[in-house]
Amino acid sequence: MILELKNVAMNFKSGDSVIKVLNDVNFSMEAGESIALVGPSGSGKSTLLQIAALLERPTSGSVIINGVNTKNLSDDEKTKLRRENLGFVYQFHNLLPEFSALENVMIPQLLRKVPKKQAERKALDLLDQVELHHRIYQLPKKLSGGEQQRVAIARALANEPDIIIADEPTGNLDPQNSEIVFNLFLSLIKKNRMSVFMATHNMELASKLDKIVFLENGKLKI
């Protein structure tokens, strides 16, 4: 398994009360598999993705990535594991506004000490694959919403991660752009044989993935 969650629970304190967001969640994903996570608003989908991405520490339970149990890793070790194994696409693109599309796709590679020329070649190739070869020097504010999300997809793929964590990756786009961007995203994922764990409200998009899992009342149902 490339990703496993074992007996994951997540609680938050609100005054004197404890809110149980996730309750004994068990989940596994094979290499190359794509899984959609669906559920009502506020059901904890984003929290579950954050835990899978090692961005949140669960109240209890374990996250295992490529056979490595991350429970007792240091923050530096988790950062290294994220950088080498995970890519992220969010509802809001989260591009760095002062950098061009090309630079935004280069930055994750530079953080991994990839030589600048090599990072630039890879970024150019990815931006070509997302059909933005003519927009590489534009700042995010000069790009449309769909174009910004395509840059975000290219950035997520830049370090050739094993797993893409996607939280409503087209949720901020109109229906036409949503379908275009999602189909492009899915084709690139399949081409690069990456795994995808994606939260979405859109059942039409969810149905295009290999499997759908449901999160409700803190429980995950297959």
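Throughout what follows, the structure given in this document is the object of discussion. (Residues numbered from 1 in each chain as written. Predicted model: local features only at pLDDT ≥ 70, side-chain atom pairs only at ≥ 80, totals over all residues. Heavy atoms only, no water.)

Side note on the overall build of the protein chain
Then, in step 1: Along the protein chain, the regular secondary structure elements total seven helices and ten strands.
Then, in step 2: Its C-alpha radius of gyration of 17 Å places the protein chain within 12% of the 17 Å reference for a compact globule of 222 residues.
Then, in step 3: Along the three orthogonal principal directions, the C-alpha set of the protein chain runs to about 50 × 40 × 35 Å.
Then, in step 4: Within the span of the protein chain, comprising 222 residues, buried residues form 50% of the whole.
Then, in step 5: Sequence separation of at least 24 residues holds for 70% of the intrachain contacts in the protein chain that already meet a minimum separation of 6.
Then, in step 6: Carbon and sulfur atoms form 48% of the exposed surface of the protein chain, whose accessible area is close to 11200 Å².
Then, in step 7: Seen as two clouds, the 28 positive and the 26 negative side-chain charges of the protein chain have centres 3 Å apart. (Helix = DSSP H or I, 4+ residues; strand = E, 2+ residues; numbered from the N terminus. Rg over C-alpha atoms; globule rule 2.2 N^0.38 Å. Buried < 20%, exposed > 50% of the residue type's maximum accessible area, 1.4 Å probe, protein only. Contact = heavy atoms within 4.5 Å. Areas by Shrake-Rupley, 256 points an atom, 1.4 Å probe, with all protein chains shown as cover. Lys, Arg positive; Asp, Glu negative; His and termini not counted. Charge placed at Lys NZ, Arg CZ, Asp CG, Glu CD.)

Notes on the sheet that holds strand β4 (residues 60-65)
Then, in step 1: The sheet built from four strands is open, its strands ordered β2-β1-β4-β5 with antiparallel pairing. At either end of the open sheet lies a strand with only one pairing partner, and these are β2 (17-29) and β5 (68-69).
Then, in step 2: Where strand β1 (residues 3-14) and β2 come together, nine bridges link them in antiparallel fashion. Bridge assignment links Leu-3 to a residue of β2, and that residue is Met-29.
Then, in step 3: Of the strands in this sheet, β1, β2 and β4 touch helix α1 (residues 45-52), which is tilted by about 125° from β1. (Pairing = 2+ DSSP bridges. Axes fitted to C-alpha atoms, helices over the stretch in contact; angles between N-to-C directions.)

What about the pairing of strand β3 (residues 34-38)?
Then, in step 1: For β3, a buried count of five out of five residues is recorded, marking the element as mostly surrounded by other parts of the structure.
Then, in step 2: Of the two faces of β3, the one holding Ser-34, Ala-36 and Val-38 and the one holding Ile-35 and Leu-37 are both buried throughout.
Then, in step 3: Of the strand pairs in this sheet, β3 and strand β8 (residues 195-199) are connected by four bridges, and their pairing is parallel. Note on β8: the bridge partner recorded for Ala-36 is Met-198.
Then, in step 4: In this sheet, strand β9 (residues 211-216) lies alongside β3 in parallel orientation, the contact comprising four bridges.

What to know about the packing of aromatic side chains
Then, in step 1: In the structure shown here, the tally under the stated rule is three aromatic pairs.
Then, in step 2: Between Phe-88 and Tyr-90, the ring centres sit 6.2 Å apart and the planes meet at 0°, which makes this aromatic pair stacked.
Then, in step 3: Taking the centre distance of 6.2 Å and the plane angle of 55° together, the rings of Phe-182 and Phe-185 count as tilted. Taken together, the residues span about one helical turn, with Phe-182 and Phe-185 both in helix α6 (residues 175-191) at a distance of three residues. The pair formed by Phe-182 and Phe-185 is uniform in burial state, with each residue classed as buried. (Phe/Tyr/Trp six-rings, centres within 6.5 Å; stacked < 30°, edge-to-face > 60°.)

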